[in-house]
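Listed here are the chains, written in short residue letters.
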Amino acid sequence: MNTTPDSRGGAAEAPADAAPATAFADAWEQTGSLEALREFSDAAARMRPIVARQAGLSESELGALEHLVRGPLGPAELSRLLEVSTAAGTGIVDRLASHGHVTREPHEGDRRRTQVTVTPSGREEVLRRLMPMFMSLQRLDASFDAEERAVVERYLRGALDAFRAVTEPPADPAP
């Protein structure tokens, strides 16, 4: 048995023949920044179902509104972003339209296509629920100077790349 630091800074026993991922995890020292990132990730994952429930929406409907607040999307593109079938995406858009949160309109560049646009009530539904978080984040951001924000941004972008290593694995190289 090898003694390695555990996630609390103590020592953990790892078998000498531990698999590589287990050996790495057992030896990994969890710093305060890594613990805070894990807590942030957990809190972010809990937020969507809570906000959706408060708004009387499904998580997929809330996710659709979050995408549409950034700009109109085609139904197929929205389905792809939500990682649902086009049939499921159509159902999501239908339910949001019945709430008055989105409209279907002809696509600006190709009138044969349709685009989904968030309505003022749909935008307000998302923003109103998230406003306490936005205000708190604005205050936090304002408490840093430009150099500190650059370090925070570098850390968060690096963490995002680490998450993407799992959620968006690289494509297999061409033969």
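Heads up: the structure comes first, above all this text.
In this report, the structure presented in the accompanying data block is examined. (Residues numbered from 1 in each chain as written. Predicted model: local features only at pLDDT ≥ 70, side-chain atom pairs only at ≥ 80, totals over all residues. Heavy atoms only, no water.)

**A word on a nonpolar patch on the surface**
Worth spelling out the cut-off: Any residue with relative accessible area above 30% and no salt bridge may belong to a patch, with like charges joined within 9 Å and the nonpolar Val, Leu, Ile, Met, Phe, Trp and Tyr side chains within 5 Å. Working definition of accessibility: Shrake-Rupley area with a 1.4 Å probe, residue cover restricted to the visible protein chains. Salt bridges, as used here, are contacts in which a Lys or Arg side-chain nitrogen is within 4 Å of a carboxyl oxygen on Asp or Glu. Secondary structure is summarised from DSSP: a helix means a run of H or I of at least four residues, a strand means a run of E of at least two, and numbering begins at the N terminus for each.
Together, Met131, Phe134 and Met135 make up an exposed nonpolar region whose accessible area comes to about 260 Å². For Phe134, the location among the structural elements is in helix α6 (residues 120–142).

**Some points on unusual backbone geometry**
Although it is not a glycine, Glu83 sits at a positive phi angle of roughly 60 degrees. Checked against the element boundaries, Glu83 lands in the loop between α4 (75–82) and α5 (86–98).

**Observations concerning the pattern of salt bridges**
If you walk through the whole model with that rule in mind, you get eight salt bridges. Where Arg104 meets Asp94, a salt bridge forms, and the shortest distance between an N and an O atom there is 2.4 Å. Pair noted here: Arg104 is in strand β3 (residues 102–106) and Asp94 is in helix α5, with a separation of ten residues, a long-range link. Beyond isolated ion pairs, a larger network of salt bridges with shared partners links Glu125, Arg128 and Arg129.

**Brief notes about the packing of helix α3 (residues 59–69) against α4**
Going by this rule: Every axis corresponds to a line fitted to the C-alpha atoms, with the helix fit spanning only the stretch in contact, and the corresponding angles, defined between N-to-C directions, vary from 0 to 180 degrees. Orientation categories follow fixed angle ranges, with anything under 35 degrees roughly parallel, anything over 145 roughly antiparallel, 65 to 115 roughly perpendicular, and all other angles oblique. Helix crossings fall into two classes, left-handed where the near helix is turned counterclockwise from the far one by less than a right angle and right-handed where it is turned clockwise. Every residue pair with non-hydrogen atoms within 4.5 Å of one another is taken to be in contact. By the convention adopted, Pro, Cys, Tyr, Trp, Phe, Met, Ile, Leu, Val and Ala count as nonpolar, Lys, Arg, Asp and Glu as charged, and the other residues, Gly among them, as polar.
Interhelical geometry of α3 versus α4 gives an angle of 120 degrees and a closest axis separation of 10 Å. Here α4 runs oblique to α3, going by the angle between their axes. Crossing hand, α3 versus α4: right-handed. Here Ser60, Gly63, Ala64, His67 and Leu68 of α3 lie close against α4, whose contacting residues are Leu78, Leu81 and Leu82. A class-by-class count of the residues in the contact of α3 with α4 yields five nonpolar, three polar and no charged.

**Some words on the packing of aromatic side chains**
Describing an aromatic ring pair means giving the distance of the ring centres and the angle of the ring planes. Applied cut-off: Classification of ring pairs uses Phe, Tyr and Trp, with its six-membered ring standing for Trp, and accepts pairs whose centres are within 6.5 Å; under 30 degrees between planes counts as stacked, over 60 as edge-to-face, and the remaining range as tilted.
Evaluation of the coordinates by the stated rule reveals one aromatic pair. With 5.6 Å between their ring centres and 40 degrees between their planes, Phe24 and Trp28 make a pair best called tilted.

**Focus on the side chain of Ser79**
Quick note on the threshold: Residue exposure (1.4 Å probe, protein chains only): buried if accessible area is under 20% of the type maximum, exposed if over 50%, otherwise partly exposed.
Along the chain, Ser79 falls in helix α4. Given a relative accessible area of 1%, Ser79 falls into the buried group.

**Considerations on α4**
Rules: By construction, the arc corresponds to the directions joining the helix axis to the C-beta atoms.
Within α4, burial applies to Leu78, Ser79 and Leu82. Seen along its axis, α4 keeps its buried residues to an arc of 100 degrees; they face one direction. For α4, the elements touching its buried residues are α3 and α5. Looking at the residues trailing α4, positive phi occurs at Glu83, about 60 degrees.

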